[in-house]
Amino acid sequence: MYDTPTQIPLAERILRLHDASPLLIGVFDEHDMLRYANPAFRRALGLPPDTFMTWQDLMRLNHRQRVGTRIETTDFEAWLASARSRRGKLPYRAFEAERTDGRWNFMTESLSPDGWMLCVAVDITDLRADERSLRADRDGAWRAARTDALTGVSNRMHILHLLDEQLAQLRSSGQPCGIALIDLDHFKSVNDRYGHYGGDLVLRDFAHVVASTLRRVDGFGRLGGEEFLAVLPGVDRSELAGVLQRLHEAVRRSRPLSEHPGFHYSFSAGAGMLEGAEDALTNIRRADHALYEAKAAGRDCHVMLP
């Protein structure tokens, strides 16, 4: 006997349709933890049934086992930082991705106001290869234009764009946003003592530590040299201070130079809440003043704006 529409709750019917669909469907919460994945999603990304993990760990699984998403890089953590710098920053995003089995997916990410993300993908392998190649080149150029080549995080243009977007959000909806201007301490001495290669390792390590500490919705980018900007929507002053304290602790534990295990580094930061009555540059100048105070106070600390 067949079930009638009135016998099956709508939520269950939708779930059955998702489970039977060839579309790849996944749902991630505000912490980027996978909460639902249909069978097609799990098969494509090599994820066993009833296994749940963060998106970052899923990408690590794909890279380590050479399944799912095709990740060609000599520096996986830089690749991951670059991917995270774009993930979850827009209400909707679409792009194409190659899988290790040679298939191609057209991926979409839809973000809800509370940070949950719906990921849906369709197989486009049967489309003409030259058309896919053209679009892949376009997407690659788009990513390169927004990514810092050394660290993999947002470049100056992209992080300032994210700051402008949060200013618009603050002015239209009142959503608060914290910012932090960050500078690595005594970085010139790192280059002088360990060479520019050592300095590059420290910059990449810092980007990795920050990417592991911040949320998916947070923006983080390199303004230039050893100076970075973090944009944290939806936090208050105490939460912003807590994030910076956790970041200080994580950086102090880090040992990025394997040949010099005793080496460690630190950073100073000026931080506060975004002011909607000011433009982006004025907000950064305010944070820069607090950063100057942090350095004057002995470095390896942060100063919060009034």
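Scroll up a little and you will see the structure.
Everything numeric here is computed off the predicted structure, so don't read it as measured data. (Residues numbered from 1 in each chain as written. Predicted model: local features only at pLDDT ≥ 70, side-chain atom pairs only at ≥ 80, totals over all residues. Heavy atoms only, no water.)

Q: Can you help me understand the packing of aromatic side chains in this one?
A: Describing an aromatic ring pair means giving the distance of the ring centres and the angle of the ring planes. Inspection of every chain in the model, using the stated rule, returns 7 aromatic pairs. With centroids separated by 5.1 Å and ring planes inclined at 70 degrees, the aromatic side chains of Tyr194 and Phe263 adopt a geometry described as edge-to-face. In this pair, Tyr194 is assigned in helix α7 (residues 187-213) and Phe263 in the loop between α8 (237-253) and β9 (267-273), connecting sequence segments 69 residues apart. Taken together, Phe206, Phe220, Phe228 and Phe267 form an aromatic cluster joined through their ring pairs. Above the face of the Phe52 ring, Arg42 is positioned so that its terminal group lies 4.9 Å from the ring centre. Sitting over the face of the ring of Phe28, Arg87 holds its NZ or CZ atom 4.8 Å from the ring centroid. (Phe/Tyr/Trp six-rings, centres within 6.5 Å; stacked < 30°, edge-to-face > 60°. Helix = DSSP H or I, 4+ residues; strand = E, 2+ residues; numbered from the N terminus. Lys NZ or Arg CZ within 6 Å of the ring centre and 35° of its normal.)

Q: Just to check I follow, could you spell out the pairing of strand β3 (residues 92-98) for this structure?
A: Along any regular strand the residues' side chains alternate between the sheet's two faces. The sheet contact formed by β3 and strand β4 (residues 104-111) spans 7 bridges and is antiparallel. Bridging across to β4, Tyr92 finds its partner in Ser110. Connecting β3 to the antiparallel partner β4 that follows it, the hairpin turn spans 5 residues, and Gly102 within it adopts a positive phi of roughly 90 degrees. (Pairing = 2+ DSSP bridges.)

Q: Would you explain the pattern of salt bridges in this entry?
A: When their charged atoms lie close together, side chains carrying opposite charge are able to pair. What the rule picks out here adds up to 21 salt bridges. Residue Asp29 is joined to Arg35 by a salt bridge in which the shortest nitrogen-to-oxygen separation is 3.0 Å. Look at Asp29 and you get buried, because its relative accessible area is 2%. Taking the shortest distance from any N to any O, the salt bridge between Arg286 and Glu278 comes out at 3.7 Å. Judged by relative accessible area, Arg286 falls into the buried class, the value being 18%. According to the relative accessible area criterion, Glu278 is partly exposed, its value standing at 22%. (Salt bridge = Lys/Arg side-chain N within 4 Å of Asp/Glu carboxyl O. Buried < 20%, exposed > 50% of the residue type's maximum accessible area, 1.4 Å probe, protein only.)

Q: Explain the packing of helix α6 (residues 156-173) against helix α9 (residues 280-296) to me, please; I cannot follow it from the model alone.
A: Helices that pack against each other are described as a pair by the angle of their axes relative to one another and the distance between those axes. Running from N to C, α6 and α9 cross one another at 105 degrees; their axes reach a closest spacing of 10 Å. Comparing their axes, α9 and α6 come out roughly perpendicular. Contact residues: Leu160, Leu163, Asp164 and Leu167 in α6; Ala280, Asn283 and Ile284 in α9. Its residues placed into classes, the contact of α6 with α9 shows 5 nonpolar, 1 polar and 1 charged. (Axes fitted to C-alpha atoms, helices over the stretch in contact; angles between N-to-C directions. Parallel < 35°, antiparallel > 145°, perpendicular 65-115°, else oblique. Contact = heavy atoms within 4.5 Å. Nonpolar A, V, L, I, M, F, W, Y, C, P; charged D, E, K, R; others polar.)

Q: Looking at this model, I keep getting lost on the nonpolar core. Mind explaining?
A: The nonpolar side chains of a soluble globular protein tend to be buried, and buried together. By size, the foremost hydrophobic cluster in this structure holds 33 residues, and its most contacted members are Ile182, Leu184, Val202, Phe206, Phe220 and Phe267. Every element with two or more residues in this core is listed here: β6 (177-184), α7, β8 (227-233), α8 and β9. The element contributing the most residues to this core is α7, with 9 residues. In this structure, Val202 is in contact with Leu184, Phe187, Val190, Pro256, Leu257, Phe263 and Tyr265, ignoring residues within four places of it in sequence. If you look at the next biggest cluster of nonpolar residues, it comprises 24 residues, including Leu24, Phe28, Leu47 and Leu80. (Core = buried A, V, L, I, M, F, W, Y, C linked by side-chain atoms within 4.5 Å.)

Q: Any chance you could explain the pairing of strand β2 (residues 34-37) here in plain terms?
A: Sheet analysis places strand β1 (residues 24-28) next to β2, joined by 3 bridges and oriented antiparallel. Note that in β2 the partner of Val27 across the bridge is Tyr36. Joining the antiparallel neighbours β1 and β2 is a turn of 5 residues, in which Asp32 adopts a positive phi near 65 degrees.

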